Amino acid sequence: MDIKDTARPFDGAGVSAFLRSLPAKPLLLGLGEARHFVGELGELRNELFRHLVEHEGYRSFAIESDCLMGLVVDDYLATGAGTLDDIMERGFSHNFGTSEANRELVRWMREYNEQHDEKLRFFGFDGPVEYWAASPRQALTALYSLLDGPLPCTMETLDTLLGPDERWSNEATAMDPSQSIGQSAEAQRLRVIADDLVALLDTQSPRLSAEDRELAHLYGRTAVGLLRYHHWMADASPARWTRLSALRDAMMAANLRAIAERGPVLAFSSNLHLQRNKTLMSFGDQQLEWWSAGAIAGTHLGDRYAFLASAIGTAGDDIPSPDTIEGILSTLPWDHALIDARRLAETITKPAPRISHDFAYFPLDPAQLDMIDGVVFLKQAVRLKKLG
């Protein structure tokens, strides 16, 4: 089989044909990033989402960004309140608000909502987590405020147990577990309170509006997830970073599943978070291994989950060897292509692994092609934001 027989141009017709080739219409379509902050990839993502909205019935977009900050963007799409500059600053974590492609996407989604009755929704699906984690205050107090009595404690008690937010968001805890308060008596009691509040939510769901139910469940997932994360931030065992990485992806997966319940959603995140296989990562002298958010969500969604990994040929001055997957795909006649990954795995035999000198780029793993539904390939990327 010629490699060209596995691919088609990346355009609307190609995307629709690819979706029709899947065993079922995905409720969750994951588009992975081989590297964050690639301008060309962001533009392709926007093109894909516009096509999905206009021709495939998609109404939701989710990005690897703080799920609570994402509420700021979603409210802007619904109301238009505030300025776009302010929304980009307050509505994204991980510096993603500086992306021109993200700015253009938010602008387009707001414009669409002004012109259509059926509205588009925006979601962050990451937890409020970097390598450290935020205070659970916002999630806990917001959930508390949505519930009716009898409540497990007073708001004053909740505030006292939380204490200053700086104790929770201390970045030094990333490398020094002794500075974390995640296993303190206050944190342990907050975990019990969070569990009680989530249980109470289940008993009170009928009295809440659909909008408040959605928010309450988001706050509940986030509060419980953050308190679990903080607990393991205080752990000094060798399992610490493996457990933290797994917990973060589990939080992502829970958010993705909740978003997908609304109808088909395009999710945009690192290939490593959306892939179906385990994630392997070197961290200092450790080799971390955990199941990704895509693997977890896919376990529940089955063939209603589809994963498009991205790959780049020449990225800046990083040129792939001709015997790597990216090198082979660079021979295709299109600048942007959509490849059937499983047919590609049958076509190319024993490609060499790509060794990239760009630490921010994660090459395709030749051994995992049969775990991917499709590959979005950019022959060349010039607009790369330098990291680190």
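Okay, so let's go over this structure. (Residues numbered from 1 in each chain as written. Predicted model: local features only at pLDDT ≥ 70, side-chain atom pairs only at ≥ 80, totals over all residues. Heavy atoms only, no water.)

## Quick notes on the pairing of strand β5 (residues 265-270)
Heads up, the condition is: Burial classification: accessible surface area is computed with a 1.4 Å probe over protein chains only, and a residue below 20% of its type maximum counts as buried, one above 50% as exposed, and the rest as partly exposed. Secondary structure is summarised from DSSP: a helix means a run of H or I of at least four residues, a strand means a run of E of at least two, and numbering begins at the N terminus for each. Whether two strands pair depends on DSSP finding at least two bridges between them.
Among the six residues of β5, six are classified as buried, and the element is accordingly described as predominantly covered. Bridging between strand β2 (residues 28-33) and β5 involves six bridges; their strand directions are parallel. When the sheet's bridge partners are listed, G30 is paired in β5 with A267.

## Quick notes on the pattern of salt bridges
Two side chains of opposite charge can pair, provided their charged atoms sit close to one another. This is how it is decided: Every case where a carboxyl oxygen of Asp or Glu lies within 4 Å of a side-chain nitrogen of Lys or Arg is listed as a salt bridge.
Summed over the entire model, instances satisfying the criterion amount to 20 salt bridges. A salt bridge links D165 to R137, with the nearest nitrogen and oxygen atoms 2.8 Å apart. Separated by 28 residues along the polypeptide, D165 in helix α8 (residues 165-168) and R137 in helix α6 (residues 137-146) bring together distant segments of the chain.

## Quick word on the pairing of strand β7 (residues 286-291)
As paired strands, strand β6 (residues 278-283) and β7 are joined by six bridges and run antiparallel to one another. When the sheet's bridge partners are listed, L280 is paired in β7 with E289. Hairpin connection of β6 to β7: two residues between the antiparallel strands, including G284 at a positive phi of 60°.

## Describing the environment of S145
Test applied: In protein, a polar contact means a hydrogen-donor-capable atom and an acceptor-capable atom, both N or O and within 3.5 Å, with residues adjacent in sequence counting only if both atoms are side-chain atoms; elsewhere, any N or O pair within 3.5 Å suffices.
You can see S145 is positioned in helix α6. Measuring from C-alpha to C-alpha, the distance between S145 and M155 comes to 8.8 Å, with 10 residues separating the pair along the chain. A polar contact of 2.9 Å, which involves the side chain of S145, links it to the backbone oxygen of T141.

## What about the layout of surface pockets?
Spelled out, the test is: Cavity means a closed set of points on a 1 Å grid over the protein atoms alone, one where a 1.4 Å probe fits but cannot get out, pocket means an open set with protein on both sides within 12 Å along at least 5 of 7 lines, and lining means a residue has an atom within 4 Å of a point. Grid points are joined across faces, edges and corners, and a volume is the space filled by probe spheres set on the points. Think of it as three bins: nonpolar holds Ala, Val, Leu, Ile, Met, Phe, Trp, Tyr, Cys and Pro, charged holds Asp, Glu, Lys and Arg, and polar takes everything else, Gly as well.
Of the voids in this model, the largest pocket is the one considered here, and its volume is about 860 Å³. No other element matches helix α11 (residues 240-260), which puts five residues into the lining of the largest pocket. Of the residues assigned to the lining of the largest pocket, the class counts are 16 nonpolar, seven polar and eight charged. In this structure, the second largest pocket encloses a volume near 500 Å³. In terms of lining, the second largest pocket is formed by 21 residues, of which the most central are L272, Q275, L280, P363 and D365.

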